[in-house]
Amino acid sequence: MNELREAAASAGTDLLDERTRELADYCAAAAGRLRAIGMRLDQDPDVITEFLHEPEVRFPVQGMLPPEYRSVGEFPARLVEVSSTVLGQVVATEQVSYGDPNVLLASPGPSLSGGAVQALADEQQRKRYFGRLASSPTHTFFALTEPGKGSAATELETTLTPAPGGGWLLNGVKCYIGNGARAQLGVVFCRRAPGPWGIEAVLLDTSAPGFSGELLPTVGLRGARISRLRFQDVTVADEDVLGAQRSPSRRGLYGATYILYRFRPGIAAMAIGCAQAACDYLVTHRPTLPRRDRHRLDSILDRIAAVRHRTYAVASDIDAGVVDVAGIGAVKARAARVAEDATRLVAELLGPACLIEHPWVEKTYRDVRAFELMEGTTNLHAMSVFQRLLRDRAAPQPVTERAVDGAARH
């Protein structure tokens, strides 16, 4: 596709070292193939199974796996290692999303649930989870959000109660869960007792009696297969409760916050990749713009570069063990907004029939509006920023919070 750039964008990438730039260029080279696959996924997300053997689809998942479960010899080991960091994941995700974010979201692999397993599980649970993913393509889910509570982890209503014969019974509903209805394995956050330390995370096989999932209708980002999940007296064995060997303060809620903070910059990266792709598409199809319209495009490109820089910065901080909760939320919200503004401008400047004449623009226009809803809406992140500002004004303190094993203190 001639509207694809030949190398990763440079504006806002001053924080990258040589290896991370190499990773960006490596992933950027796959964008054309990913875009073609993404157009197919928009029509039928289940066709991802036809492409699971392709390296462009397989590579992005490698960095999410522990080293012992990665493909050996198939990809440059140095780039896989870089992609296992938060910054590396952000860089790779941006370039993959420049091609099409649906491919990443539709692909089997650990997703957020793998992070929860790495953060909470004992060695046997890790082997069971990642061993299954390594043995065959496995879709997974991360079930936190509920219909009446959103992703407010401290207000969960899904319950985990003792079963008469031993073990536990899981009951409740989860909503807006990526890949939930087609997954084979996942992590469910639930309440065992009152209070924040009464939250547990359990490993669940979707073949368990009492589990059901249904797909929700979506306008864009269809590869994510957003679902509603129901649990009716689903039996959970003691060995499926993640982190049972840990203290209550280092179990369920800890795992939820640990993963959300580490993966939230990835949503920003998806939005940035789509925004950059839309602008590049416009330049290809309308290389000469009136001065006013060129200024408008340049303004969007400046905003993309700025939010890219800040996203890389918060990702680097997380790798260093420092979590700026408000800063992470802010870059996600800003990235979602600039992606919407970019596609709106592109559609306007390509003309009234743009969404008919340019199917990729029409698809991307729909896709990017999902980012506002993923990992918290803008009003929630704005409230986090506001609360931080109030706290700093009342009692000045460092703007970042030192992480413990990668998770922020609360």
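Computed from a predicted structure; not experimentally measured.

This next bit is on the pairing of strand S5 (residues 199-205). In terms of residue burial, S5 counts as a mostly covered element, since 6 of its 7 residues are buried. The sheet contact formed by S5 and strand S8 (residues 241-242) spans 2 bridges and is antiparallel. Across the sheet, Ala 201 pairs through a bridge with Leu 242, a residue of S8.

Under the criterion given, the structure shown has 0 disulfides. We note that Cys 27 lacks a disulfide partner, and the nearest cysteine sulfur, in Cys 274, lies 15 Å from it. Note on Cys 279: no disulfide assigned, nearest cysteine sulfur contributed by Cys 274 at a separation of 11 Å. We classify Cys 279 as buried; its relative accessible area is 1%.

Summed over all chains, the structure comprises 30 salt bridges. Linking Arg 222 and Asp 42 is a salt bridge whose minimum nitrogen-to-oxygen distance equals 3.6 Å. Note that Arg 222 is positioned in the loop between strand S6 (211-215) and strand S7 (226-236) and Asp 42 in helix H2 (residues 31-43), a separation of 180 residues in sequence. In this structure Arg 222 comes out as partly exposed when scored by relative accessible area, which is 28%. Judged by relative accessible area, Asp 42 falls into the buried class, the value being 5%. Salt bridges sharing common partners tie together Asp 42, Arg 222, Glu 362 and Arg 366.

The domain boundaries assigned to the protein delineate domain 1 (1-110), domain 2 (133-242) and domain 3 (263-392). The centre of domain 1, based on its C-alpha atoms, is set 27 Å off from the matching centre of domain 2. The interface is formed by 16 residues belonging to domain 1 together with 13 residues belonging to domain 2. Between domain 1 and domain 2 we count 3 salt bridges in total. With its nearest N and O atoms 3.1 Å apart, the salt bridge here joins Arg 182 to Asp 46. Looking at the side of domain 1 that touches domain 2 residue by residue, the class counts come to 10 nonpolar, 3 polar and 3 charged.

Procedures and definitions
- Residues numbered from 1 in each chain as written.
- Predicted model: local features only at pLDDT ≥ 70, side-chain atom pairs only at ≥ 80, totals over all residues.
- Heavy atoms only, no water.
- Buried < 20%, exposed > 50% of the residue type's maximum accessible area, 1.4 Å probe, protein only.
- Helix = DSSP H or I, 4+ residues; strand = E, 2+ residues; numbered from the N terminus.
- Pairing = 2+ DSSP bridges.
- Disulfide = S-S within 2.5 Å.
- Salt bridge = Lys/Arg side-chain N within 4 Å of Asp/Glu carboxyl O.
- Domains from an automatic or database assignment.
- Contact = heavy atoms within 4.5 Å.
- Nonpolar A, V, L, I, M, F, W, Y, C, P; charged D, E, K, R; others polar.

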